[in-house]
Amino acid sequence: MNKNDNKQQHNVTQEMADIELIIGKIMRIGVIIAAAVMLIGLIMLLITGNGGYYANSYPTTLTAIWHGLFLGRPFAYMMAGTFLLILTPVLRVIVSIYAFFVEKDMLYVVITTTVLLILVVSFIIGHN
Amino acid sequence: MLHTALLMFLVGVFAGTLGAILGIGGGMIITPIVTLAMGLDIKYAIGASIIAVIATSSGATIAYLRDDVLNLRVAMFLEIATTIGAIIGALLTGAMSPAVLYFLFGSLLVFSSWNMVRKLRAGKEVLHESQPDKWAEFFKLNSSYYDKNLHKQVDYQVKNIPAGLSIMFGAGLASGMLGIGSGAFKVMAMDNAMHMPLKPSSATSNLMMGVTAAASATVYFFNGSIKPFIAVPLSLGILVGAAIGSRVMQHLPSRVIRMIFIPILLYLGLQMIFKAFGVTI
């Protein structure tokens, strides 16, 4: 490896470090929110002793979960937190696109956007 | 009820720690506990496993990012191949005999555990070539990380990008067709094929497996496979475990991580080969 390569590699590394710090902070907030909602639901469940739904069932549609949140049902909070957790990797892809954009790395803006689009496609296929 | 919650939390801490160190999901730990110890249907075990993968990934990546071991470009670059493979796999379900696939991918894992043994013996962790790989240069995949065990910055190169992409595509195909996790294949593609050092490989695999799992997780979420009473204490435990595991991993010598990896890859591989012949272990 010659000197030029070394320098180039160093610059790329430094840029990545900046990006990763921003992404890390956003991700941390996302994960903490998801964990907090799950924890609230779990504590409510342990205190009240039941999930708030008939025959130990639980809500599986977003509308039902949303409704359950206002009624203070433990399982609704637990499912909401779980759903937020599922969204955290998607959040990571989205903030990565932004970060590459700030870094003016258009090649990786395209690559990461492609990943997001494929995720959306698989989401749609999965629901049919 | 407190009993079950506590059990799931502790299982989560264990699975999360191991998963974050190795860069694989905790499915192989969680599935037997949920099905055998708790007597739940395999459907709920798959639901729990997929949530476990996401929790491991999200829990671990927070620490990894700050510590700069992860290679985000490699992650996104390879992720294209995996997710396309997963979609095609899901569409092709039934087009190929699962037995053949299990045998094929099981053999790959056994082969890669043998490769790990060879690498362990050779003791050579980092690739340095005078002529950097053209693909790696173009896609800016060569990088560096700070190794907390060696106490130094390690510059590394990667090579065999087409081979890495093919394995990732195959891993996606397998996970789409068979519904299995692909963390072990991800590490294999980076460590075995692309010659990336083990720590960045497992950290990068961790990020990728969360993204891959998120796509199918919504399906399991809406069809009711994810039981809140199992998933929530498990996830909380995993988040704690993954945060611990990712810290521990950075201080471990790569040799030690490799030594934990070899029997696990061998076990996963043999399990799949046995499954091809209709034997479940």
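Quick caveat, the model's predicted, so the values are computed rather than measured.

A few points about the overall build of chain B
Working step 1: Scanning chain B for helices and strands turns up 11 helices and 2 strands.
Working step 2: Start at the N end of chain B and walk to the C end: the helices and strands fall as α-α-α-α-α-α-β-β-α-α-α-α-α.
Working step 3: For 281 residues, the compact-globule formula gives about 19 Å, and the C-alpha radius of gyration of chain B, at 18 Å, lands near that figure.
Working step 4: Dimensions along the principal axes, computed over C-alpha positions, put chain B at roughly 60 × 40 × 30 Å.

Some words on the interface of chain A and chain B
Working step 1: Taken together, the contact between chain A and chain B spans 56 residues of the former and 59 residues of the latter.
Working step 2: Interface area, chain A with chain B, both sides summed: about 5,100 Å², of which 75% is carbon and sulfur.
Working step 3: The tally of links from chain A across to chain B stands at 3 salt bridges.
Working step 4: The closest approach of N and O atoms between Arg73(B) and Asp105(A), which form a salt bridge, is 2.5 Å.
Working step 5: For the interface between chain A and chain B, the tally reads 6 residue pairs in polar contact (both at pLDDT 80 or more).
Working step 6: Among the secondary structure elements, those contributing two or more residues to the side of chain A that touches chain B are α1 (3-48), α2 (62-70), α3 (74-102) and α4 (106-126) of chain A.
Working step 7: Broken down by element, the side of chain A that touches chain B gets its largest block of residues, 19 residues, from α1(A).
Working step 8: Looking at the side of chain A that touches chain B residue by residue, the classes come out as 35 nonpolar, 15 polar and 6 charged.

Observations regarding the UniProt feature "transmembrane region" (unreviewed entry) in chain B
Residue and element names in this part refer to chain B.
Working step 1: Under the UniProt annotation, the feature "transmembrane region" (unreviewed entry) is placed at residues 6-30, 42-64, 70-92, 99-117, 163-185, 206-223, 229-249 and 256-274.
Working step 2: Within the segment residues 99-117, helix and strand shares are 100% and 0% respectively, and the terminal C-alpha atoms sit 27 Å apart.
Working step 3: End C-alpha atoms of residues 206-223 are separated by 26 Å, and the span's content is 94% helix alongside 0% strand.

Here's the deal with the pattern of salt bridges
Working step 1: One pass over the structure, following the stated rule, counts 6 salt bridges over all chains.
Working step 2: As a salt-bridge pair, Lys119(B) and Asp191(B) come within 3.4 Å of each other at their nearest N and O atoms. One end of the pair, Lys119(B), is in helix α5 (residues 98-122); the other, Asp191(B), is in helix α8 (residues 183-193), and 72 residues separate them in sequence.
Working step 3: With relative accessibility at 14%, the residue Lys119(B) sits in the buried group.
Working step 4: Across the salt bridge formed by Asp191(B) and Arg258(B), the nearest N and O atoms sit 2.9 Å from each other. A residue pair is termed long-range when its members are at least 10 positions apart, and Asp191(B) in helix α8 and Arg258(B) in helix α11 (residues 254-276) qualify at 67 residues. Of the two residues, Asp191(B) and Arg258(B), neither departs from the other in class, the shared state being buried.
Working step 5: Linked by salt bridges that have partners in common, Glu103(A), Asp105(A), Arg73(B) and Lys140(B) make up one network.

Concerning the environment of Ala95(B)
Residue and element names in this part refer to chain B.
Working step 1: Structurally, Ala95 is set in the loop between α4 (72-92) and α5.
Working step 2: What makes Ala95 exposed here is its relative accessible area of 59%.
Working step 3: As a C-alpha pair, Ala95 and Met177 span 82 residues in sequence and 9.1 Å in three-dimensional space.

Let's talk about the packing of helix α1 (residues 2-22) of chain B against helix α10 (residues 228-251) of chain B
Two quantities define a packed helix pair, namely the angle between the helix axes and the distance between the axes.
Working step 1: Remark: α1(B) packs on α10(B), axes separated minimally by 6 Å, with the N-to-C direction vectors making an angle of 35 degrees. Judged by the twist between their axes, the crossing of α1(B) over α10(B) is right-handed.

As for the packing of aromatic side chains
Working step 1: Inspection of every chain in the model, using the stated rule, returns 11 aromatic pairs over all chains.
Working step 2: Each ring, one from Phe105(B) and one from Phe185(B), has its centre 5.3 Å from the other, and the planes form 85 degrees; the classification is edge-to-face. Linking Phe105(B) in helix α5 with Phe185(B) in helix α8, this pair joins segments that are 80 residues apart in sequence.
Working step 3: Assessed through its relative accessible area of 7%, Phe105(B) is described here as buried.
Working step 4: Taking the ring centre of Tyr53(A) as reference, the NZ or CZ of Arg73(A) above it sits at 4.9 Å.

Here's the deal with the environment of Met38(A)
Working step 1: With respect to the secondary-structure elements, Met38(A) resides in helix α1.
Working step 2: With a relative accessible area of 0%, Met38(A) lands in the buried category.
Working step 3: When the C-alpha atoms of Met38(A) and Ile22(A) are compared, they prove to be 25 Å apart, with 16 residues separating the residues in sequence.
Working step 4: The residues contacting Met38(A), other than those within four sequence positions of it, are Tyr77(A), Met78(A), Gly81(A), Thr82(A), Leu85(A), Val232(B), Ser235(B), Leu236(B) and Leu239(B).

Definitions and cut-offs
- Residues numbered from 1 in each chain as written.
- Chains lettered and ligands numbered in written order.
- Predicted model: local features only at pLDDT ≥ 70, side-chain atom pairs only at ≥ 80, totals over all residues.
- Heavy atoms only, no water.
- Helix = DSSP H or I, 4+ residues; strand = E, 2+ residues; numbered from the N terminus.
- Rg over C-alpha atoms; globule rule 2.2 N^0.38 Å.
- Contact = heavy atoms within 4.5 Å.
- Buried area = accessible area lost by both parts, 1.4 Å probe.
- Salt bridge = Lys/Arg side-chain N within 4 Å of Asp/Glu carboxyl O.
- Polar contact = N/O pair within 3.5 Å; in protein donor to acceptor, adjacent residues only side chain to side chain.
- Nonpolar A, V, L, I, M, F, W, Y, C, P; charged D, E, K, R; others polar.
- UniProt positions renumbered as here; feature names shortened; annotations may be inferred.
- Buried < 20%, exposed > 50% of the residue type's maximum accessible area, 1.4 Å probe, protein only.
- Axes fitted to C-alpha atoms, helices over the stretch in contact; angles between N-to-C directions.
- Left-handed = near helix turned anticlockwise from the far one by under 90°.
- Phe/Tyr/Trp six-rings, centres within 6.5 Å; stacked < 30°, edge-to-face > 60°.
- Lys NZ or Arg CZ within 6 Å of the ring centre and 35° of its normal.

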